[in-house]
Amino acid sequence: MAGTYSYLQKSSNRCSHVSCWRFVMITLFFFLLKPEAGQGQLKDGYEEVSISLNVQRIGIIDILAIIHGQEVYLPVKELFDFLKIKNNASPDYDTISGFFIHPKAIFVIDKATNQVVYQDQLFKVEPDDLIQTETDVYLKSVHFDHIFGLACVFQFRSLSMTLTTKLELPAIREMQQEQMRLNISQLKGEKKADTTIKRSFSLFHLGMADWSVMSNHAPKGQNTTRINLGLGAIVLGGEANAYLNYNSDQPFSGKQQFYRWRYVNNDNPTLRQFTAGKLFTQSTSSIYDPIIGLHITNTPTTYRRSFGTYTMSNNTEPGWMVELYVNNVLVDYTKADASGFFTFQVPIVYGNSLVKLRYYGPWGEERVKEQNVSIPFNFIPLHQLEYSVTAGFVKDEYKSRFARASVSYGLSRNITIGGGTEYLSSVESGKHMPFVNASVRLGSGLLLSGEHTYGVRSKGVLTYRRPSNLQVDLLYVKYDKNQMAVRYNYLEEQKAIISMPFRGRKFTAFSRLTLNRYRLPKLRQTTGELLVSGVYAGVSSNVTTFAIFTDLKNPLVFSNVSMSFRLPAGIRLTPQAQYEYRQHNFSTLRGEAEKAIFKNGYLNIFYEEDMINEASYAGMGLRYNFSFAQTFFAVRQSAKSTEMTQSARGSLMYNDITKNLKANNQPNVGRGGLVILPFLDLNCNGVRESNEPKAPGLKFHVNGGQIERNDRDTTFQVNNLESYVSYLIELNKNSFDNIAWQLKNQSISVAVEPNYFKQIEVPVAVVGEVSGTVLLRAKSLTGLGRMIIKIYNSDAVLVSRVISESDGYFSYLGLAPGNYTARIDQAQLLKLHMVAAEVNASFTITPGREGDVVDGLRFIVYTEEVTEN
């Protein structure tokens, strides 16, 4: 017979391994005597307890800590191993040594002398602050903060500790690199999701708003105020963004305002993008005013890598992290050097490339800069044709009419040809400008691109790259002497760039030599730049030399030198200098120091000496990042005046699903978000119904964005996601303590929509369990192993098959509510010359929040000889 029991009753006798272990440990330590410390033993009042350690941005582990009164001691070696910090312990665990993040940051924790040496600084601790055991050295938690910058907060009620730090720990860096590799592998299609959720097209939705205010108080009443407001919505299924800009010292102008509507459907091979409003487009002509018009193309917004790379470099603030996005997809990241210089190897992708750079300051700042980088190599997949058409009006004094149409075709994997025409009504030398172009790959490291625009210019680009990463870029442009489409009066333009990275055991460096030569009607000009940037022993440095030669004498040559290094107390010092060789003297000296204060505050002071103008400047800046806004205050003092600047910026996000308006300190217009709602799927049909409650405890990972958890309704909100990109949500199948709560799908691919929060309902199936035994009747009943039991649902469809263990026991967990039949495999019985007293056993799994357990099924089998007797 089958006995049915409530799963709640059975699970009440179970407890998680960790919870039971903590209870037993605490009970034992309260009632058992403790031996002395120092020889792997603990003195009275010191208790070794398993606690939950939560390291922000890394994860949670269970770790054995020592508790004495209100003080907590953490095991140094076990903690540093988890954080991936290099350490070695002596054989008897009286000393632990290694280096903290950087090889030069050596530390020694010595129990014999009760001291810690870190970066040549000696920290004396009390004898009771270090505890030596047979397996580790325990250090009082407060010392992890003031010595290593690892702040620890312990909660006695929950036996949990939270560890926070502003340092980029090796474990964090490793996780970021792994996340980037996971992102790129997903974008290449190497990882498939269990479930794919495509875009939905709504008529109207107002979702995002960005705002910023900046006020500058200058001497003599020259005060200015700038206000910027951005609105993001969905209109007729497309992305609608508008930016309003106000400047108190300039009249209101339509040129300063921005508005655009874009419809994207990457599943339509004929028309994938349609844009109306103010356009940013590549053009042969020099157009400095905005274009208002239409743009259509069949080029998708997704990332499609071709082959090869293109070197791109730029400048930002020293020490900032820079992320590279190609067509809204993260492909790489790097750190700027002491002068703010950074370089990327931009992957060449099929079709036009929108390159976006996102900058992250060392203290939480963020800047976003979009630019259309004109990569001269445009490859299209084999036998595919892509087009782009733009038409509109230029907001210039001539009210010029503009149009451009281009077509590219993948002739082979290594050759792409194209052509088109451009029209600009204000060009007097020729309004119609037809053009042809081609991109060719010659060998593994040689790329060649050519373009000819009738009546304007001819252009050629060659890039050669060696396996050693030595790269040579050559550019030659010849202009028609009568052309008026390009505003400057160059006749020829020549450029050569030679770049080479260097990497040693203790240093990394990058060098670049750039030569530019311009021929004008009455003048020739040559400019050169030699840049060397490197990092050695944690010190970043940059030396850049510029030279300008003309047909005249006395060339202008000067060098900029920058360094950046960290001082004790978390201070970052950046000295800079400029030396002019013609004057044989320094022209500028500058020093800057920055330190984090409070929790999200950052203090910056600087001093600058301008030798040419005989002026000096000193200033101080204070930044503080609230959860709803980023604020900034700065003052700049010279000998004659004082200038002050205040600014604040943030955004508002409206969640139409929860009807919630929330403030954020990051820009969000044009981006999207997700609302992840896990629910208990009581009937296991994958659809949320009115009687099915939310499921607390879900753990997951998203390859991007910022996750916010709402403990009240157990939902999650993921902000700051790039639009039109498919993100991978990876669900942790071990999220729940109740083993009856199971996730059928463990990965979900979601297409993010702009200015909108998409709700993702995650069904958590509440399943049942069935168990029983297979017995062999001979002289007595004995368990029979390796027997096959098949489970069928009410429609006689096979659901699962299980095999009995050596003692005859079998069980299966994962049955949806309903009626089932367990059947011993008759084909196997026939082969074994056995028969069963009862072949089938019917049972029912009833729905419930805690699941259901059916046990007591019995199958008794006989050998044919026993049956005959």
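Residues numbered from 1 in each chain as written. Predicted model: local features only at pLDDT ≥ 70, side-chain atom pairs only at ≥ 80, totals over all residues. Heavy atoms only, no water.

(A) Local environment of helix H4 (residues 141-148). Those residues of H4 that sit buried are Ser141, His143, Phe144, Ile147 and Phe148. Buried positions in H4, seen along its axis, are confined to an arc of 155 degrees and lie on one side of it. Once H4 ends, the next one or two residues include glycine 149, with phi positive near 80 degrees. (Buried < 20%, exposed > 50% of the residue type's maximum accessible area, 1.4 Å probe, protein only. Helix = DSSP H or I, 4+ residues; strand = E, 2+ residues; numbered from the N terminus. Arc of directions from axis to C-beta.)

(B) The arrangement of the side chain of glutamine 257 in detail. Mapped onto the elements, glutamine 257 comes out in the loop between strand E17 (238-247) and strand E18 (258-264). Within the local environment of glutamine 257, its side chain forms a polar contact with the backbone oxygen of serine 253, the two atoms lying 3.0 Å apart. Filtering out sequence-adjacent residues up to four positions away, glutamine 257 remains in contact with Tyr243, Leu244, Asn245, Phe252 and Lys278. (Polar contact = N/O pair within 3.5 Å; in protein donor to acceptor, adjacent residues only side chain to side chain. Contact = heavy atoms within 4.5 Å.)

(C) The arrangement of a nonpolar patch on the surface in detail. Nonpolar side chains collect at one region of the surface, where Leu203, Phe204, Leu206, Leu229, Leu231, Leu236 and Leu244 lie side by side and expose about 730 Å² of accessible area between them. Counting residues per element, the ones that place at least two in the nonpolar patch are strand E15 (204-217) and strand E16 (224-235). (Patch = residues over 30% accessible without salt bridge, like charges linked within 9 Å, V, L, I, M, F, W, Y side chains within 5 Å. Areas by Shrake-Rupley, 256 points an atom, 1.4 Å probe, with all protein chains shown as cover. Salt bridge = Lys/Arg side-chain N within 4 Å of Asp/Glu carboxyl O.)

(D) Up close: the sheet that holds strand E9 (residues 121-124). Ordered by their spatial adjacency, five strands build an open sheet running E5-E6-E7-E8-E9, and the pairing between neighbours is antiparallel. One side of each edge strand has no neighbouring strand; the edge strands of this open sheet are strand E5 (87-89) and E9. Strand-to-strand twist across the sheet, computed as the mean angle between neighbouring axes with direction ignored, equals 15 degrees. Pairing of E5 with strand E6 (residues 95-99), which is carried by three bridges, proceeds in the antiparallel orientation. Counted as the bridge partner of asparagine 88 is serine 97 from E6. (Pairing = 2+ DSSP bridges. Axes fitted to C-alpha atoms, helices over the stretch in contact; angles between N-to-C directions.)

(E) Looking closely at the side chain of serine 286. Note that serine 286 resides in the loop between strand E19 (273-279) and strand E20 (291-297). A distance of 3.0 Å separates the side chain of serine 286 from the backbone nitrogen of arginine 487, its partner in a polar contact. Not counting residues up to four positions away in its chain, the partners in contact with serine 286 are Ala485, Val486 and Arg487.

(F) Layout of the sheet that holds strand E13 (residues 160-164). Spatially, seven strands are ordered E10-E11-E4-E3-E2-E13-E12 in an open sheet, and the strand pairing comes out mixed. The sheet is open, and its two edges are formed by strand E10 (130-132) and strand E12 (151-155), each paired on a single side. Across the sheet, the mean angle separating the axes of adjacent strands is 35 degrees when strand polarity is ignored. Here strand E2 (residues 47-55) runs beside E13; their pairing, made up of four bridges, is parallel. Within E13, the position partnered with leucine 53 by the bridge is methionine 161. Across the sheet, H4 is in contact with strand E4 (71-75), strand E11 (137-140), E12 and E13; its angle to E11 comes to roughly 75 degrees.

(G) Structural context of the environment of leucine 677. Relative to the elements of secondary structure, leucine 677 occurs in strand E46 (residues 672-681). Along the backbone, leucine 677 and proline 763 are 86 residues apart, and their C-alpha atoms lie at a distance of 8.5 Å. The residues contacting leucine 677, other than those within four sequence positions of it, are Arg688, Lys694, Thr715, Gln759, Ile760, Glu761 and Val762.

(H) Looking closely at the nonpolar core. Counting residues in each nonpolar core, the largest one holds 41 residues, and the members touching the most others are Phe80, Phe100, Phe144 and Phe148. Not counting chain neighbours up to four residues away, the residues in contact with phenylalanine 100 comprise Phe80, Ile85, Ala105, Phe107, Tyr118, Phe148, Leu150, Leu167 and Leu169. (Core = buried A, V, L, I, M, F, W, Y, C linked by side-chain atoms within 4.5 Å.)

(I) How the structure looks around the pattern of salt bridges. Evaluated as defined, the whole model comprises 17 salt bridges. The partner of glutamate 422 in a salt bridge is arginine 404, with the nearest N and O atoms 2.5 Å apart. Of this pair, glutamate 422 sits in strand E29 (residues 415-424) while arginine 404 sits in strand E28 (residues 401-410); the two residues are 18 residues apart in sequence, bridging distant segments of the chain. Residues joined in a network through salt bridges with shared partners are Lys478, Glu492 and Arg519.

(J) Up close: the pairing of strand E44 (residues 642-655). Inspection of the sheet shows E15 paired to E44 by 10 bridges, in the antiparallel sense. The residue bridging serine 212 from the neighbouring strand is arginine 649, located in E44. Where strand E43 (residues 630-638) lies against E44, eight bridges are found, and the strand directions are antiparallel. Bridge assignment links phenylalanine 633 to a residue of E44, and that residue is glutamine 646. Once E43 ends, the chain turns through three residues before running back antiparallel as E44. Summarising the sheet, E44 and strand E45 (residues 660-664) pair through five bridges and their orientation is antiparallel. The residue of E45 that forms the bridge with serine 651 is asparagine 664.

(K) Up close: the packing of aromatic side chains. Summed over the entire model, instances satisfying the criterion amount to 28 aromatic pairs. Here the aromatic rings of phenylalanine 626 and phenylalanine 628 are separated by 5.2 Å at their centres, their planes lie at 20 degrees, and the arrangement is stacked. Overall, phenylalanine 626 belongs to the partly exposed group, its relative accessible area being 35%. When its relative accessible area of 42% is taken as the criterion, phenylalanine 628 is described as partly exposed. Arranged with centres 4.9 Å apart and planes meeting at 85 degrees, the rings of phenylalanine 700 and phenylalanine 716 form a pair that is edge-to-face. Taken together, the residues phenylalanine 700 in strand E47 (residues 700-702) and phenylalanine 716 in strand E49 (residues 715-721) connect sequence positions 16 residues apart. A relative accessible area of 16% means that phenylalanine 700 is categorised as buried. (Phe/Tyr/Trp six-rings, centres within 6.5 Å; stacked < 30°, edge-to-face > 60°.)

(L) Spatial organisation of unusual backbone geometry. Of note in this structure, asparagine 720 is not a glycine but carries a positive phi near 65 degrees. Looking at the element boundaries, asparagine 720 is found in strand E49. Here alanine 796, not a glycine, exhibits a phi torsion of approximately 60 degrees, which is positive. Secondary-structure assignment places alanine 796 in the loop between strand E56 (788-793) and strand E57 (798-803). Judged by its relative accessible area of 58%, alanine 796 falls in the exposed class.

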